[in-house]
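# Structural overview for review
Okay, here's what each chain looks like letter by letter:
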Amino acid sequence: MSRVTTIWKKELRDGIRDRRTLVSTIILPMLLMPGIIIGMGKLVTWQISQVKDQPVTVGVVNASSAADFISQLHATKNVAVTEITGEIQPEVKNKKVDIAIVFPASFQTAIEAAQPVQLEVYQNSLNTKSTTALTRLTTVAVQYNQTLLQARLAKGNISPLVQNGVSLKTTEVASDQEIGGFGLSYLLPLFIVMWAVVGGQTSAVDISAGEKERKTLESLLLTPVSRLQIVFGKFLAVATMALSSEIIALGSMYAVFAFGGGDLFTATASQSSGLVQTSAVGVNFTLQPQAVILMFLVSILLVMLFSALNLSVAIFAKSYKEAQSYIGPSYLIVILPVVLVNMLPGFQAKLGFFTIPIVNAVLLFKEVLVGVYNTSHIVMTIGVMIVSALITMYIASRIYRREGVLFKD
Amino acid sequence: MSELIQVKNLTKEFNGFLAVDHVNFSAKAGEIFGLLGPNGAGKTTTLRTIATVLAPTSGTAVVAGYDIVSQPEDVRRHIGMLTTDIGVYERFSGRENLYYFGQLYGLSGEKLEQGVAELVQLLDMADFIDKRAGKYSTGMKQKLAIARSVIHNPDVMIFDEPTAGLDVLASQTVIRFMKKVSERGKLVILSTHEMTDAEKLCDRVAIMHQGRIVTVDTVENLKAKTGTQDLEETFVKLVHGDNHRRPDVAVSQKSKTMKIKMSPLMMAILLEVVSILLIGIGILGNMQKWFSVGVGYVFIFAGLIPSFIARRQLRKMRSGPRV
């Protein structure tokens, strides 16, 4: 075991001294997660304000026949009204106006006679401002109808309450934390799997294909250390790197949620009675200690599985570059089914799905995040993950015994 | 003097290509034994097999009383090999490199420190031992590689082309080192195609050509037998004669270069992947209402066939001893 520890320590120290490994394992997750969360928050806020403050131009035909409607349109913020005298469609198509509305000459007469009036609206789906203009126009129309209806009811001495036949009052049975956890269940499992794969990749490439490229592998094989010990030492180093990366990524993600992440997220964090509680705008979740422990345990198994996989794939390459080209597609093969399962709305997994390694981890994370603890799902996931990790490690050790793989040149 | 290496009918084959063909020789403690031959003669493969990095196809060797097939780790404990590739861990200093390998050979504490200090002095490395190895010149790297391979003070030291690419001064240091360890009773095996070095250094030489040992004797005896003036001339005469005798090996080498085939391991992995995919589709399919259960079982059964073939393939490949 001491030789395994010697290899493990050496590979870790070597990794820390390697700029590529250091950046991809520690610095990238430390900066990327806050970057993604804060950046996305900023982007969404910016996009919302852009849409909200975006000025639109509404072209009007026969404006004089609908003075009340036009005055309401004028009163709407960021809406400019312009009269169209020529052909309507070219004006909208050429974006001279964002939307056009045609009032019939008999508009006022029909309204006064309480007859329904249909207004023709021309929009351009290729112009994003056209959609914004239509939304604002619809709001004005609804307000106009409301005012009109109230005036008509008042004229007939009828209470405005008659228009409310049935109204609905909803009560939310899920707590804010549960709703937050549900939202988080779309995000967190994906990140956990992603960092379990990515976290150890550079390290795996460096200590397998990199060792071959630097011509140091043979000198290592010449020592009285068995191949199994060599693989195990290297595997431990990759797994340590991947787990560190995972912890750093999730830690920095938590820090963003807890200590404020720009405009979208506000900072109100509290830690009390063993519960990790975080609230943010739209994200308010509580992680039970048992959920944290369970997710951490399964994350370790994920890291073990991916570390052995990365090591097995990378050793086939003769050089660092070649290994990267092997590992790139393998990452996609792993991550695609996870993304699919993660994003399927209302997907109810049967026990059989918990026999599929990696996918079962994602499904379990999703359950745990909304407070569901199904014993058979937990046992099946942990069992399958342990077996898969052991099989992958065994395969890795077998590959390291193949002369054709080790001495490819 | 006792025999430290006995090579018995050692054979190594790579996908039908005979790289080492029933090689036999033995060497004693305190001797410098030369393994001479042109490029591609099979010298490095022979040495890698003796050092248990490669497993022999047949035959064996006994190193310091340990069998390379059944006791590979004990063999590696008593052998030190300087390979042609002098790669060192470039992010580590020379001293860190030596400590790492020392620990892998089971050394620690004072013994390791003493061993490192002795080698630093013997190979004249004091000026650069604490600098990062990535900044070393080829000569410095070669010295570090030598020190690394003998840090555990082995009984048998193998040097594969130790002076290749070195300047005169660095070459002299390496040669002096080989002489010194030989005087201390170690067996030095020198593999080279530098006949001048071999003639000066070796007590006995084995001439290797096309995977076979052509002859083993002292340099003087070989010169007398062939009626030549120096080892280079002797070598040319012996190898030239051997070329005429063994046209079959040349044919075998040529046919090897013309054969392009998928490695059996890759084939087995591919079959396993296909198998997992088919079985996976079968299991997943059976969980779906719209999928016929019968079709699912057909997939599972179809998946078992490539898996069975892959396992047979792997079992076939698992020939030779444990490494």
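Residues numbered from 1 in each chain as written. Chains lettered and ligands numbered in written order. Predicted model: local features only at pLDDT ≥ 70, side-chain atom pairs only at ≥ 80, totals over all residues. Heavy atoms only, no water.

## Remarks on the pairing of strand S2 (residues 79-83) of chain A
All names here are of chain A. Cut-off, in case you're wondering: Pairs of strands are assigned from DSSP output, requiring at least two bridges between the strands. Counting from the N terminus, the helices are DSSP H or I runs at least four residues long and the strands are E runs at least two residues long. The path from the first strand over the helix to the second decides the hand: if it runs clockwise while the strands point away from the viewer, the crossover is right-handed.
Summarising the sheet, strand S1 (residues 56-61) and S2 pair through five bridges and their orientation is parallel. Looking at S2, one finds that Val-56 is bridged to Val-79. Traced from S1 through helix H3 (residues 67-75) to S2, the parallel crossover comes out right-handed.

## Quick notes on unusual backbone geometry
All names here are of chain B. Applicable threshold: Burial here depends on accessible area, computed with a 1.4 Å probe over protein chains only, as a share of the maximum for the residue type. Under 20% is buried, over 50% is exposed, and the range in between is partly exposed.
The phi angle at Asn-15 is positive, at roughly 45°, despite the residue not being glycine. Among the residues examined, Asn-15 registers a relative accessible area of 56% and is labelled exposed. In this model, Glu-161 sits at a positive phi of 45°, which is unusual for a non-glycine residue. Inspection of the secondary structure puts Glu-161 in the loop between strand S7 (156-160) and helix H6 (168-183). Given the relative accessible area of 12%, Glu-161 is considered buried.

## A closer look at helix H2 (residues 19-53) of chain A
Since the α-helix advances by 3.6 residues per turn, residues separated by three or four positions end up pointing in the same direction. Residues and elements named next belong to chain A. Going by this rule: Each residue is assigned a bend, namely the angle between axes fitted to the seven residues that terminate at it and the seven residues that start at it. Here, two residues are considered to be in contact whenever any of their heavy atoms come within 4.5 Å of each other.
By the largest-angle criterion, Leu-28 marks the main kink of H2, which is about 50°, and a proline, Pro-29, follows within four residues. Within H2 the residues assigned to the buried category are Thr-21, Ser-24, Thr-25, Pro-29, Met-33, Pro-34, Ile-37 and Gly-41. Looking at the buried residues of H2, the elements they touch are helix H1 (2-17), helix H8 (188-198), helix H9 (201-207) and helix H12 (227-259).

## A look at the interface of chain B and chain A
Cut-off, in case you're wondering: Here's the idea: put two parts together, see how much 1.4 Å probe accessible area each one loses, and the total over both is what we call buried area. Salt bridges are counted wherever a side-chain nitrogen of Lys or Arg sits within 4 Å of a carboxyl oxygen of Asp or Glu. By the criterion applied in these results, polar contacts are pairs of N or O atoms within 3.5 Å in which, for protein atoms, one can donate a hydrogen and the other can accept it, and in which residues neighboring in sequence qualify only through two side-chain atoms. In this classification, Asp, Glu, Lys and Arg are treated as charged, Ala, Val, Leu, Ile, Met, Phe, Trp, Tyr, Cys and Pro as nonpolar, and every other residue, Gly included, as polar.
In this assembly, 37 residues from chain B lie in contact with 33 residues from chain A. For the pairing of chain B and chain A, the buried interface totals around 3,600 Å² over both sides, and the portion due to carbon and sulfur atoms is 57%. Sorting the residues of chain B by area buried against chain A places B:Tyr89, B:Arg91 and B:Leu104 first, and these three jointly supply 21% of that buried surface. Our count for the chain B to chain A interface comes out at seven salt bridges. B:Lys12 serves as the salt-bridge partner of A:Glu403, at 2.7 Å between the closest nitrogen and oxygen. One can count 15 residue pairs in polar contact (both at pLDDT 80 or more) joining chain B with chain A. Taken together, the elements giving at least two residues each to the side of chain B that touches chain A come down to strand S1 (3-14), helix H2 (72-77), helix H3 (94-104) and helix H11 (264-287) of chain B. Its residues assigned to classes, the side of chain B that touches chain A comprises 20 nonpolar, six polar and eleven charged.

## Digging into the domain arrangement of chain B
Threshold: The start and end points of each domain follow an automatic or database-based domain assignment.
Along its sequence, chain B is organised into domain 1 (3-78 + 154-252) and domain 2 (264-319). Just the C-alpha atoms count here: the centres of domain 1 of chain B and domain 2 of chain B sit 47 Å apart.

## Some thoughts on the sheet that holds S7(B)
Residue and element names in this part refer to chain B. Quick reminder of the rule: Note on geometry: axes are C-alpha line fits, over the in-contact stretch for helices, and angles between N-to-C directions span 0 to 180 degrees.
Ordered in space as S6-S7-S8-S3-S9-S10, the six strands form an open sheet in which the pairing is mixed. The open sheet has two edge strands, strand S6 (79-82) and strand S10 (212-218), and neither has a second partner. Along the sheet, successive strands turn relative to each other by an average axial angle of 15°, direction set aside. Across the sheet, H6 lies against strand S3 (32-36), S7 and strand S8 (187-192), angled at about 150° from S8, the strand it touches most.

## Some thoughts on the pattern of salt bridges
With the rule as written, the count across this model stands at 23 salt bridges over all chains. Between B:Glu31 and B:Arg204 there is a salt bridge whose closest N-O contact spans 2.5 Å. Taken together, the residues B:Glu31 in the loop between strand S2 (17-28) and S3 and B:Arg204 in strand S9 (residues 204-209) connect sequence positions 173 residues apart. Taking the relative accessible area as the measure of exposure, B:Glu31 reaches 7% and is therefore buried. Note that B:Lys223 is salt-bridged to B:Glu199, the shortest N-O span being 2.7 Å. Within this pair, whereas B:Lys223 is found in helix H8 (residues 219-226), its partner B:Glu199 is found in helix H7 (residues 195-201), the two being separated by 24 residues in sequence. Given the relative accessible area of 13%, B:Lys223 is considered buried. Since its relative accessible area comes to 26%, B:Glu199 is described here as partly exposed. Several salt bridges converge on common partners, so that one network encompasses A:Lys10, A:Glu11, A:Asp14, A:Asp18, A:Asp206, A:Glu211, A:Arg214, A:Lys234 and B:Arg91.

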